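# An overview of the molecular structure
So the chains spell out like this:
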Amino acid sequence: MPESEPPPNRLRAPSGAALTVRVQDFARAVVTSPELEIKLKRAPNSPSWSLRDEDLDLSDLPRTPTRAPSMQIVGPRKAKIPSLQGWADPSQRRKILHALTNHELQAAELFAWALLAFPAAPEAFRRGLWEIMQDEQRHTRMYRARLQAHGGEFGDYPVSGHFWHKIGGIVSPTHFICAMSLTFENANLDHTVESSQAALVGGDPGSAVVIDQVRRDEMNHVRFGWHWLRHFKRPEQSMWEAYRESLAVPLHAGRATGKNFDPDPRREIGFDENFIEELRRAHAHTGPGGHRLDKPGGQPLR
Ligand SMILES: [Fe+2]
Ligand SMILES: [Fe+2]
């Protein structure tokens, strides 16, 4: 398996076999299969978008992913991640790459989950979810390959459910993009800069190449969220008002930035200046580990 995979060519002609894969069936397998190879199986570019009655029945919508025993989600205290300064140390480097693999796997599972959770959303929106799920699968494969290159394997260490633990209040496509695209992936625009630099300083340029590729994709993923929030919000709302209204507890805007907030990629994506300024203010009120500094005694929100 290559360590760095190019993005899929989404313009290529679909194969006959690809047409037989239904989106809902594939997405359900990504969430509910315990097999990593099934979760990471390459999603076809041109699946079938047909819906059946049972696809609209959300009574059995999974709230957690099914994982193999070695990849089960545990509490954050049991899945400690070394700081980025650990990249130079081979054992800590493996743990960091393991955590990055798990972050991407959760993202792949959650975009698949959104396809199951919002079958009635506009098809253009759902096509975007599908393409991002493809990207997240690819990111998972790339980080896993880096982990393997350093002698590790996914499942070697306990993993947290940082993203999955936040889906409780997500009941609409708007909630989903505010959490995933405009908070977690938005923060990743900063995190990836910090991680890439740490990998380079730590003597691991191969991982830096992968992180940089992930960052380029994250730009598109955040752009997807921005585009659809503008589509879904009420006309009289500003983008910031719509974002804050749909950010489900326990998330808050301070989680949408990394240690160092860089407004430039947000401008490049098309964020308005009011949104950027509000992000800057939220960043200034958020301490290390996600503490809100305006809430004395607040707990880390991981
Ligand atoms: Fe990703
Ligand atoms: Fe992403």
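Given the structure is predicted, the values throughout are model-derived calculations rather than measurements.

## Re the overall build of the protein chain
- When helices and strands are tallied, the protein chain shows ten helices and two strands.
- Relative to a compact globule of 302 residues, whose C-alpha radius of gyration would be 19 Å, the protein chain shows 19 Å and is just as compact.
- Projected onto the principal axes, the alpha-carbon positions of the protein chain cover approximately 55 × 50 × 35 Å.
- With 302 residues in all, the protein chain has 41% of them scored as buried.
- In the protein chain, the share of contacts with a sequence separation of at least 24, taken over all contacts with a separation of at least 6, comes to 78%.

## Let's talk about the nonpolar core
- Of all hydrophobic cores here, the largest spans 45 residues; its most connected members are Phe111 and Ala112.
- Those elements that place two or more of their residues in this core are α1 (23-32), α4 (90-117), α5 (123-149), α6 (173-201), α7 (205-232), α8 (239-245) and α10 (273-284).
- With sequence-adjacent residues up to four places away left out, Phe111 is seen in contact with Leu129, Ile132, Met133 and Glu136.
- Ranked by size, the runner-up nonpolar core spans 20 residues in total, among them Ile81, Ile96, Leu100 and Met142.

## Brief notes about the packing of α4 against α5
- Running from N to C, α4 and α5 point in directions that differ by 160°, and their axes come no closer than 8 Å. With respect to α5, the element α4 is oriented roughly antiparallel. For the pair α4 and α5, the crossing hand works out as left-handed.
- Partitioning the contact of α4 with α5 into residue classes produces 15 nonpolar, five polar and six charged.

## Side note on the packing of α1 against α4
- Orientation of α1 relative to α4, taken along the N-to-C sense of each, is 140°, at an axis distance of 8 Å. As far as their axial angle goes, α4 and α1 are oblique. The hand of the α1/α4 crossing is left-handed. Listed contacts from α4 to Val23, Gln24, Ala27, Arg28, Val30 and Val31 of α1 are Ala108, Glu109, Ala112, Trp113, Leu115 and Leu116.
- Each residue belonging to the contact of α1 with α4 can be placed in one class, and the counts come to nine nonpolar, one polar and two charged.

## Focus on the environment of Pro205
- Summarising the element assignment, Pro205 is placed in helix α7.
- Residue classification places Pro205 among the exposed residues on the basis of 10 C-beta atoms within 10 Å.
- In this structure, the C-alpha to C-alpha distance between Pro205 and Pro122, residues 83 residues apart in sequence, is 41 Å.

## As for the confidence of the model for the protein chain
- The predicted model of the protein chain has a mean per-residue pLDDT of 90, with 90% of residues at 70 or higher.
- Residue range residues 294-302 is modelled with pLDDT below 50. Its contacts to residues more than four positions away, or to other chains, number 13 contacts.

Scoring rules and cut-offs
- All residue numbers here refer to positions counted from 1 along the written sequence of the relevant chain.
- Chain labels run from A onward and ligand labels from 1 onward, assigned in the order the entries are written.
- Totals for whole chains, interfaces and linings use all residues, but because this is a predicted model, local features are given only for residues with pLDDT of at least 70 and pairs of side-chain atoms are given and counted only at 80 or more.
- Helix numbers and strand numbers start at the N terminus; a helix is a DSSP run of H or I with at least 4 residues, a strand a run of E with at least 2.
- Radius of gyration: C-alpha atoms only; globule rule: 2.2 Å multiplied by the number of residues to the exponent 0.38.
- As a rule, residues whose C-beta atom has 12 or fewer other C-beta atoms within 10 Å are exposed, those with 20 or more are buried, and those in between are partly exposed; C-beta atoms are placed from the backbone.
- A pair of residues counts as a contact when their C-beta atoms, built from backbone coordinates, are separated by no more than 7 Å.
- Here, a nonpolar core denotes buried Ala, Val, Leu, Ile, Met, Phe, Trp, Tyr and Cys residues that are linked to one another through C-beta atoms within 7 Å.
- Axis lines are fitted to C-alpha atoms, over the contacting stretch for helices. Their N-to-C directions set the angle, which ranges from 0 to 180 degrees.
- By definition in this entry, angles of less than 35 degrees are roughly parallel, angles greater than 145 are roughly antiparallel, angles of 65 to 115 are roughly perpendicular, and the rest are oblique.
- Left-handed describes a crossing whose near helix is turned anticlockwise from the far helix through less than a right angle; right-handed describes the clockwise counterpart.
- For this scheme, ten residues count as nonpolar: Ala, Val, Leu, Ile, Met, Phe, Trp, Tyr, Cys and Pro. Four count as charged, namely Asp, Glu, Lys and Arg, and the remainder, Gly too, count as polar.
- Scored between 0 and 100, pLDDT is the confidence that the predictor attaches to each residue.

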